[in-house]
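# Analysis of the macromolecular model
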Amino acid sequence: MKDWFAGRVAQRYDEDTADMPIEPVLDFLEPFASGGALELAIGTGRIALPLAQRGVRVAGIDFSEDMVAQLRKKPGGAEIPVTIGDYATARVDGTYSLAYIVFNSLNNNTTQDGQVATFENAAAHLEPGGCFVVEIGVPKSRSLTVFDVSDTHVGVDEFDAETQHSISHHFSLIDGRWERLSMPFRSVYPAELDLMARIAGMRLRERWSDWNREPFTSESRKHVSVWEKE
(Lines give C-alpha, C1' and ligand atoms only; values in the text may rest on other atoms or scores of the structure.)
Protein backbone atom coordinates (compact mmCIF):
# COMPACT_ATOMS: atom_id res chain seq x y z
CA MET A 1 0.00 0.00 0.00
CA LYS A 2 1.43 3.36 -1.04
CA ASP A 3 1.90 6.11 1.53
CA TRP A 4 0.32 9.11 -0.22
CA PHE A 5 1.15 11.35 2.75
CA ALA A 6 4.93 10.85 2.75
CA GLY A 7 7.55 13.53 2.25
CA ARG A 8 6.40 16.99 1.26
CA VAL A 9 2.71 16.15 1.77
CA ALA A 10 3.39 15.45 5.46
CA GLN A 11 5.63 18.50 5.78
CA ARG A 12 2.95 20.80 4.35
CA TYR A 13 -0.12 19.08 5.83
CA ASP A 14 -0.69 21.43 8.75
CA GLU A 15 -0.17 24.47 6.57
CA ASP A 16 -2.54 23.15 3.91
CA THR A 17 -5.28 22.40 6.48
CA ALA A 18 -4.80 25.51 8.62
CA ASP A 19 -8.24 26.89 7.73
CA MET A 20 -10.09 23.79 8.91
CA PRO A 21 -12.04 24.09 12.18
CA ILE A 22 -10.73 22.37 15.29
CA GLU A 23 -12.76 23.58 18.28
CA PRO A 24 -16.16 22.38 16.95
CA VAL A 25 -14.62 18.95 16.35
CA LEU A 26 -13.27 18.81 19.90
CA ASP A 27 -16.57 19.99 21.37
CA PHE A 28 -18.37 17.23 19.49
CA LEU A 29 -15.95 14.43 20.34
CA GLU A 30 -15.12 15.17 23.98
CA PRO A 31 -18.46 14.06 25.52
CA PHE A 32 -17.98 10.61 23.93
CA ALA A 33 -14.39 10.27 25.21
CA SER A 34 -14.77 9.76 28.97
CA GLY A 35 -13.21 6.31 28.56
CA GLY A 36 -10.47 7.44 26.19
CA ALA A 37 -10.31 8.07 22.44
CA LEU A 38 -8.66 6.18 19.60
CA GLU A 39 -8.05 8.13 16.39
CA LEU A 40 -7.77 6.16 13.16
CA ALA A 41 -5.47 8.05 10.74
CA ILE A 42 -4.13 10.25 13.53
CA GLY A 43 -1.72 11.94 11.15
CA THR A 44 0.01 15.06 12.47
CA GLY A 45 -2.23 15.18 15.54
CA ARG A 46 -4.36 18.09 14.32
CA ILE A 47 -7.29 16.79 16.41
CA ALA A 48 -5.61 14.32 18.79
CA LEU A 49 -3.22 16.77 20.44
CA PRO A 50 -5.78 19.43 21.43
CA LEU A 51 -8.15 16.65 22.51
CA ALA A 52 -5.43 15.28 24.79
CA GLN A 53 -4.86 18.79 26.12
CA ARG A 54 -8.47 18.70 27.29
CA GLY A 55 -7.56 15.76 29.52
CA VAL A 56 -8.69 12.93 27.23
CA ARG A 57 -6.60 9.75 27.06
CA VAL A 58 -5.77 9.55 23.35
CA ALA A 59 -4.08 6.91 21.21
CA GLY A 60 -3.79 6.57 17.45
CA ILE A 61 -3.12 4.45 14.39
CA ASP A 62 -1.56 5.73 11.18
CA PHE A 63 0.07 4.19 8.12
CA SER A 64 2.34 7.17 7.39
CA GLU A 65 5.55 7.36 9.41
CA ASP A 66 6.21 10.83 7.99
CA MET A 67 2.86 12.16 9.22
CA VAL A 68 3.47 10.72 12.69
CA ALA A 69 6.95 12.27 12.68
CA GLN A 70 5.26 15.67 12.35
CA LEU A 71 3.06 14.78 15.33
CA ARG A 72 6.12 13.86 17.40
CA LYS A 73 7.69 17.28 16.81
CA LYS A 74 4.79 19.08 18.53
CA PRO A 75 4.44 19.76 22.27
CA GLY A 76 2.87 16.67 23.82
CA GLY A 77 3.28 14.64 20.64
CA ALA A 78 5.76 12.23 22.18
CA GLU A 79 3.27 11.25 24.90
CA ILE A 80 0.54 9.97 22.57
CA PRO A 81 0.93 6.24 21.79
CA VAL A 82 0.69 5.64 18.04
CA THR A 83 0.71 2.33 16.23
CA ILE A 84 2.16 2.47 12.72
CA GLY A 85 0.01 0.35 10.44
CA ASP A 86 -3.23 0.00 8.50
CA TYR A 87 -6.10 1.41 10.56
CA ALA A 88 -8.33 -1.38 9.22
CA THR A 89 -6.29 -4.09 10.93
CA ALA A 90 -3.70 -2.65 13.35
CA ARG A 91 -4.45 -3.16 17.03
CA VAL A 92 -3.85 -0.92 20.04
CA ASP A 93 -3.79 -2.05 23.65
CA GLY A 94 -6.87 -1.43 25.76
CA THR A 95 -10.42 -0.33 25.01
CA TYR A 96 -11.97 3.09 24.53
CA SER A 97 -15.33 4.79 24.76
CA LEU A 98 -14.63 6.60 21.47
CA ALA A 99 -13.01 5.73 18.16
CA TYR A 100 -13.05 8.32 15.39
CA ILE A 101 -11.79 9.06 11.89
CA VAL A 102 -12.14 12.54 10.39
CA PHE A 103 -11.71 14.58 7.20
CA ASN A 104 -12.64 11.82 4.73
CA SER A 105 -9.78 9.60 5.89
CA LEU A 106 -12.05 6.53 5.64
CA ASN A 107 -12.03 7.13 1.87
CA ASN A 108 -8.27 6.52 1.84
CA ASN A 109 -9.12 2.84 2.15
CA THR A 110 -9.97 2.17 -1.47
CA THR A 111 -11.89 -1.13 -1.18
CA GLN A 112 -15.26 -1.98 0.32
CA ASP A 113 -13.71 -4.91 2.20
CA GLY A 114 -11.13 -2.57 3.69
CA GLN A 115 -13.77 -0.11 4.81
CA VAL A 116 -15.82 -2.90 6.42
CA ALA A 117 -12.67 -4.06 8.19
CA THR A 118 -12.15 -0.52 9.48
CA PHE A 119 -15.57 -0.57 11.14
CA GLU A 120 -14.81 -4.00 12.59
CA ASN A 121 -11.46 -2.81 13.91
CA ALA A 122 -12.99 0.31 15.45
CA ALA A 123 -15.67 -1.81 17.16
CA ALA A 124 -13.03 -4.24 18.48
CA HIS A 125 -11.39 -1.34 20.33
CA LEU A 126 -14.64 0.01 21.80
CA GLU A 127 -16.08 -0.84 25.17
CA PRO A 128 -19.79 -1.80 25.21
CA GLY A 129 -21.82 1.33 24.48
CA GLY A 130 -18.78 3.04 22.97
CA CYS A 131 -19.14 5.10 19.81
CA PHE A 132 -17.44 5.32 16.43
CA VAL A 133 -17.55 8.82 14.89
CA VAL A 134 -16.84 9.39 11.20
CA GLU A 135 -16.63 12.65 9.24
CA ILE A 136 -16.96 11.92 5.53
CA GLY A 137 -18.21 13.49 2.32
CA VAL A 138 -21.30 12.44 0.41
CA PRO A 139 -20.43 11.02 -3.05
CA LYS A 140 -20.77 13.56 -5.82
CA SER A 141 -23.48 13.18 -8.43
CA ARG A 142 -21.20 14.51 -11.20
CA SER A 143 -18.15 12.81 -12.67
CA LEU A 144 -16.01 15.94 -12.22
CA THR A 145 -16.36 18.46 -9.41
CA VAL A 146 -14.19 21.48 -8.67
CA PHE A 147 -14.07 21.65 -4.88
CA ASP A 148 -11.54 24.43 -4.35
CA VAL A 149 -10.17 27.37 -6.33
CA SER A 150 -7.70 29.88 -4.94
CA ASP A 151 -4.56 31.70 -6.00
CA THR A 152 -2.43 28.83 -4.72
CA HIS A 153 -4.64 25.72 -5.02
CA VAL A 154 -7.14 24.15 -7.39
CA GLY A 155 -8.90 20.94 -6.38
CA VAL A 156 -10.86 18.67 -8.72
CA ASP A 157 -12.62 15.44 -7.74
CA GLU A 158 -13.08 12.73 -10.37
CA PHE A 159 -15.82 10.20 -9.51
CA ASP A 160 -16.88 6.95 -11.17
CA ALA A 161 -20.41 6.18 -9.96
CA GLU A 162 -20.25 2.56 -11.14
CA THR A 163 -17.22 1.61 -9.03
CA GLN A 164 -17.45 4.42 -6.42
CA HIS A 165 -13.76 5.03 -7.04
CA SER A 166 -12.62 8.64 -6.87
CA ILE A 167 -9.45 10.58 -7.55
CA SER A 168 -8.78 13.94 -5.92
CA HIS A 169 -6.50 16.06 -8.07
CA HIS A 170 -4.68 18.82 -6.19
CA PHE A 171 -2.86 21.52 -8.17
CA SER A 172 -0.77 23.55 -5.73
CA LEU A 173 1.49 26.56 -6.25
CA ILE A 174 4.64 25.69 -4.32
CA ASP A 175 7.77 27.86 -4.45
CA GLY A 176 6.53 29.58 -7.58
CA ARG A 177 5.76 26.36 -9.46
CA TRP A 178 2.49 24.48 -9.92
CA GLU A 179 2.61 20.87 -8.73
CA ARG A 180 -0.02 18.14 -9.12
CA LEU A 181 -0.92 15.42 -6.63
CA SER A 182 -3.62 12.89 -7.53
CA MET A 183 -4.81 10.63 -4.70
CA PRO A 184 -7.21 7.66 -5.04
CA PHE A 185 -10.23 7.21 -2.80
CA ARG A 186 -13.34 5.08 -2.49
CA SER A 187 -16.46 7.15 -1.98
CA VAL A 188 -19.19 5.57 0.13
CA TYR A 189 -22.85 6.37 0.69
CA PRO A 190 -24.42 6.87 4.16
CA ALA A 191 -26.67 3.81 3.87
CA GLU A 192 -23.68 1.67 2.93
CA LEU A 193 -21.83 2.94 6.00
CA ASP A 194 -24.81 2.03 8.18
CA LEU A 195 -24.66 -1.52 6.83
CA MET A 196 -20.91 -1.68 7.53
CA ALA A 197 -21.65 -0.62 11.08
CA ARG A 198 -24.31 -3.34 11.45
CA ILE A 199 -21.80 -5.93 10.23
CA ALA A 200 -19.42 -4.71 12.95
CA GLY A 201 -22.08 -4.89 15.68
CA MET A 202 -22.92 -1.19 15.84
CA ARG A 203 -26.06 0.83 15.18
CA LEU A 204 -26.56 4.39 13.98
CA ARG A 205 -27.06 6.73 16.91
CA GLU A 206 -27.04 10.13 15.18
CA ARG A 207 -26.09 11.80 11.90
CA TRP A 208 -25.45 15.48 11.27
CA SER A 209 -24.40 17.71 8.41
CA ASP A 210 -21.40 19.08 10.30
CA TRP A 211 -19.70 19.27 13.69
CA ASN A 212 -22.16 21.96 14.82
CA ARG A 213 -25.00 19.43 14.55
CA GLU A 214 -26.78 21.08 11.66
CA PRO A 215 -29.45 18.70 10.29
CA PHE A 216 -28.36 16.22 7.63
CA THR A 217 -30.41 16.65 4.45
CA SER A 218 -30.34 15.63 0.80
CA GLU A 219 -28.39 18.84 0.16
CA SER A 220 -25.62 18.06 2.64
CA ARG A 221 -22.15 17.70 1.13
CA LYS A 222 -20.78 15.72 4.06
CA HIS A 223 -21.95 14.14 7.29
CA VAL A 224 -20.73 13.45 10.80
CA SER A 225 -22.17 10.12 11.90
CA VAL A 226 -22.10 8.34 15.25
CA TRP A 227 -22.51 4.57 15.55
CA GLU A 228 -22.85 2.92 18.97
CA LYS A 229 -21.47 -0.52 19.82
CA GLU A 230 -24.30 -2.80 20.87
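Here's what I pulled together on the structure shown here. Treat the numbers as computed from the prediction; the structure is a model and nothing was measured.

## Thoughts on the pairing of strand E5 (residues 126-137)
- Across the 12 residues that make up E5, a large majority, nine, are buried.
- Relative to E5, strand E4 (residues 96-101) runs parallel, the two being bridged by five bridges. Across the sheet, the residue bridging to Tyr96 is Leu126, located in E5.
- Remark: the E4/helix H5 (residues 112-125)/E5 crossover connection has right-handed handedness.
- Of the strand pairs in this sheet, E5 and strand E11 (residues 222-229) are connected by seven bridges, and their pairing is antiparallel. Of the residues in E11, the one forming a bridge with Gly137 is Lys222.

## Brief notes about the nonpolar core
- Counting residues in each nonpolar core, the largest one holds 27 residues, and the members touching the most others are Leu40, Ile101, Phe119, Phe132, Leu193, Met202 and Trp227.
- Mapped onto this core, the elements with two or more residues apiece are strand E1 (37-40), strand E2 (58-62), E4, H5, E5 and helix H6 (190-199).
- With residues up to four places along the chain from it excluded, the contact list for Leu40 reads Ile61, Tyr87, Tyr100, Ile101, Thr118, Ala122 and Phe132.
- Core analysis: the second largest hydrophobic core is formed by 26 residues, Phe28, Ala37, Ile80 and Val224 among them.

Rules of the game
Residues numbered from 1 in each chain as written. Predicted model: local features only at pLDDT ≥ 70, side-chain atom pairs only at ≥ 80, totals over all residues. Heavy atoms only, no water. Buried < 20%, exposed > 50% of the residue type's maximum accessible area, 1.4 Å probe, protein only. Helix = DSSP H or I, 4+ residues; strand = E, 2+ residues; numbered from the N terminus. Pairing = 2+ DSSP bridges. Right-handed = clockwise from strand over helix to strand, strands pointing away. Core = buried A, V, L, I, M, F, W, Y, C linked by side-chain atoms within 4.5 Å. Contact = heavy atoms within 4.5 Å.

Honestly, it's all geometry; don't read function into it.
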